[in-house]
Amino acid sequence: MRDVIIFVEHVQGQPRRVSLEIASKAKEIATALGGTVHAIVLGKNASAAAEALKAYPVDTIHVAEDPDIDAYFIDPSVDYLEAAAKAVGPALVLVPYTMIGRDLGSRLAARLDAGQTADVTDVVVDGGKVACVSPKLGGTVLTSCAFKGDYGIAAIRPNSFKAAQSAGAGTIVQLEKPAGKTYRIKVDEEVVEAAGELGVEEASTVIAGGRGVGGPEPFSTILKDLADSLGGSVGASRAAVDAGWIGHGHQVGQTGKTISPNLYIAVGISGAIQHKVGMRTASTIVAINKDGTVPIGEFADLLVVGDLFSIVPELSKQIRAGHS
Amino acid sequence: MKILVTVKLVPDTTAEKRIDPSTKRLVRTGVETVLNPFDEYAIEAALQLKEKAGGDTTVTIVTLAPESGKEIVRKALAMGADDALMISDPAAEGSDVWGTAYALAQAIKKNGFDLVIAGTQSTDSTTGELPGALAEYLGVPGVTYVRKLDLDGTALKAERETDTGYAKVSTDLPALVSVTKSINEPRYPSLKGIMGAKKKTIAVQTLADAGVDKPIGSDAARTEVTNLETPPARGKGQIFEAADAVAGATKIVEFLRERKLV
């Protein structure tokens, strides 16, 4: 394992921030291993994403804009990735720990009969050996995991590394279409609901609401407004999701998403263990709750006891005033 | 039509879990074991398809788990599944995602299937990597994160959740789908279901019985846990009683400024 291959996720030609974070870290890993960084960029507008990627430390950018990549779900992408990985040779493959990254990583691992580790927050190279660090059991344990074979696939949690611009060679290479493949999952329609808004996994600030929020309306009004004032996204506890106040995609916790934002503001969330495991690795946790004895008080950096319905709008107002 | 549902037995979601430093595996003794909550949505999806299709459609539960988990598998039968296949073999201990996916795929192929339904992830390892790997080893289309599923003969239509919204996709059986919590509301087993489950078959097979032709346990795993560390616990922070909204908001803004977050 010497080179590092990164799969670059992009939205209409704009690389997702997590992919830029991975690109920055990949160079450090490749340098320690004495190898180079290969980026794989696929689908419509891949060339535009490749151009944007040139500002980051990647050596070779492999591009394919084959229409099949978007017309069919996952399989064409796996074929391109597999072909590129085999052309590069034994390597560490980094994918984002996002919905598409999880699918691609697990399929590529099966194709290559390789090991995979998920939810990786750090990659350490020591004496030519790669160890992937992942928080397990809701962040109570940090495991280091090594790969046994030629390839290792690691899915990297967003917000784990800083995206630092520093141009590499950025040589663009066109990937050839893998021959003799037929694709079976047709994409009939792709609907973008939250244009421009980052998912809770990727957002660096998350404002999450729980049972104390009392209904669906505050999620789209006061919580959304606070999230907008801080450039963040709206999350939720299981209680709020199960009550139907907000979609499951926003759920943080054991049966939702595990996230590591820079700032997590928990509004009307008591902080039971099932919720805690999804957010305890946030850098800073602030809670707003009417009850000063809630469990979240045991691990939040700041618990403000008071009426969320008046504090949250006031907070948005003060943050906006501070910025102007 | 043969529908197979993969399930995992996991420690109770409310229990504090720990890893044994010597084996570097999750301690599964002394903690109540339950069906992975995500898998209940997969079982419910299978039962709804069976009720709609009628005829000779069957729902079979498949799991890789110690035989001691038999009574937990029976809960899936109490919900309405027809029978279960448990691959129970000490040689499977310590399997990673690769080994688990490979073994399940071999067993599923040997059993025969038209549709495999899986949960999105488990509550213990939470990697979400199994469905994709399983589809690969089965060599069938794998439609993940499904929130809406329709079958018309062998034509499958689904709505998949994506990071930015959703996508409508279509494919043909045989296939694998993984379902999210948005797809349905899993039923509770009825008293009749619980009584009936006692008579249903849970076939217990070794890896060899199940057609698993490669070693899959900890020695064969493609990954190895080399170190475990306990990160420093999050300490208790400040608690501030806000006299009013302005005081509460001002306190938060000051705190965020100190940490350079605004």
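Residues numbered from 1 in each chain as written. Chains lettered and ligands numbered in written order. Predicted model: local features only at pLDDT ≥ 70, side-chain atom pairs only at ≥ 80, totals over all residues.

## Points about the overall build of chain A
Here is step 1 of the chain: Counting secondary structure elements, chain A contains 10 helices and 18 strands.
Here is step 2 of the chain: In terms of overall size, chain A behaves like a compact globule, its C-alpha atoms giving a radius of gyration of 21 Å where 324 residues would be expected to give roughly 20 Å.
Here is step 3 of the chain: For chain A, the C-alpha atoms occupy an extent of roughly 60 × 45 × 40 Å along the three principal directions. (Helix = DSSP H or I, 4+ residues; strand = E, 2+ residues; numbered from the N terminus. Rg over C-alpha atoms; globule rule 2.2 N^0.38 Å.)

## Concerning the environment of Thr164 of chain B
Here is step 1 of the chain: With respect to the element layout, Thr164 of chain B can be found in the loop between strand S10 (155-161) and strand S11 (165-172).
Here is step 2 of the chain: Considered as a pair, Thr164 of chain B and Ala233 of chain B are 69 residues apart in the sequence and their alpha carbons are 34 Å apart.

## So, helix H1 (residues 37-53) of chain B
Here is step 1 of the chain: End to end, H1 of chain B covers 25 Å across 17 residues, agreeing with the expected 24 Å (1.5 Å per residue, within 8%).
Here is step 2 of the chain: Turning to H1 of chain B, its buried residues are Phe38, Asp39, Glu40, Tyr41, Ala42, Ile43, Glu44, Ala45, Ala46 and Leu47 of chain B. (Expected span 1.5 Å × (residues − 1). Buried ≥ 20, exposed ≤ 12 C-beta atoms within 10 Å, placed from the backbone.)

## A word on the pairing of strand S1 (residues 2-6) of chain B
Residue and element names in this part refer to chain B.
Here is step 1 of the chain: Of all five residues in S1, four are buried, a share of seventy percent or more.
Here is step 2 of the chain: Note that S1 and strand S8 (residues 115-119) share three bridges and pair parallel. Counterpart to Ile3 in the pairing with S8 is Leu115. (Pairing = 2+ DSSP bridges.)

## Quick look at the interface of chain B and chain A
When the parts come together, some accessible area is lost, and that loss is often what is quoted as the size of the interface.
Here is step 1 of the chain: In this complex, chain B contributes 68 residues to the contact, which on the side of chain A involves 75 residues.
Here is step 2 of the chain: Among the elements of the structure, H1, helix H3 (97-111), helix H4 (130-138), strand S9 (142-152), S11, strand S14 (223-229), strand S15 (238-241) and helix H6 (245-258) of chain B are those that each provide at least two residues to the side of chain B that touches chain A.
Here is step 3 of the chain: For the side of chain B that touches chain A, the element with the most residues is H6 of chain B, which contributes nine residues.
Here is step 4 of the chain: Residues belonging to the side of chain B that touches chain A are distributed by class as follows: 28 nonpolar, 23 polar and 17 charged.
Here is step 5 of the chain: Of the strand pairs in this sheet, strand S18 (residues 302-305) of chain A and S15 of chain B are connected by four bridges, and their pairing is parallel. From the neighbouring strand, Val304 of chain A faces S15 of chain B, where its bridge partner is Phe240 of chain B. (Contact = placed C-beta atoms within 7 Å. Nonpolar A, V, L, I, M, F, W, Y, C, P; charged D, E, K, R; others polar.)

## With respect to unusual backbone geometry
Here is step 1 of the chain: Looking along the chain, the bond that leaves Leu173 of chain B and enters Pro174 of chain B is cis, with omega of 0°.
Here is step 2 of the chain: By the element assignment, Pro174 of chain B lies in the loop between S11 and strand S12 (175-179).
Here is step 3 of the chain: In the Ramachandran plot, Gln12 of chain A falls in the positive-phi region, its phi being about 45° despite a non-glycine side chain.
Here is step 4 of the chain: Among the structural elements, Gln12 of chain A can be located in the loop between strand S2 (10-11) and strand S3 (14-15).
Here is step 5 of the chain: Of note, the phi angle at Lys260 of chain B is positive, near 55°, even though the residue is not glycine.
Here is step 6 of the chain: Topologically, Lys260 of chain B is positioned in the segment after H6.
Here is step 7 of the chain: With 7 C-beta atoms packed within 10 Å, Lys260 of chain B lands in the exposed category.

## Looking at the domain arrangement of chain A
All names here are of chain A.
Here is step 1 of the chain: Domains assigned within chain A are domain 1 (3-174) and domain 2 (205-323).
Here is step 2 of the chain: Its C-alpha centre places domain 1 at a distance of 31 Å from the equivalent point of domain 2.
Here is step 3 of the chain: Listed by partner, the interface residues are eight residues for domain 1 and eight residues for domain 2.
Here is step 4 of the chain: Tallied by class, the residues present in the side of domain 1 that touches domain 2 amount to one nonpolar, five polar and two charged. (Domains from an automatic or database assignment.)

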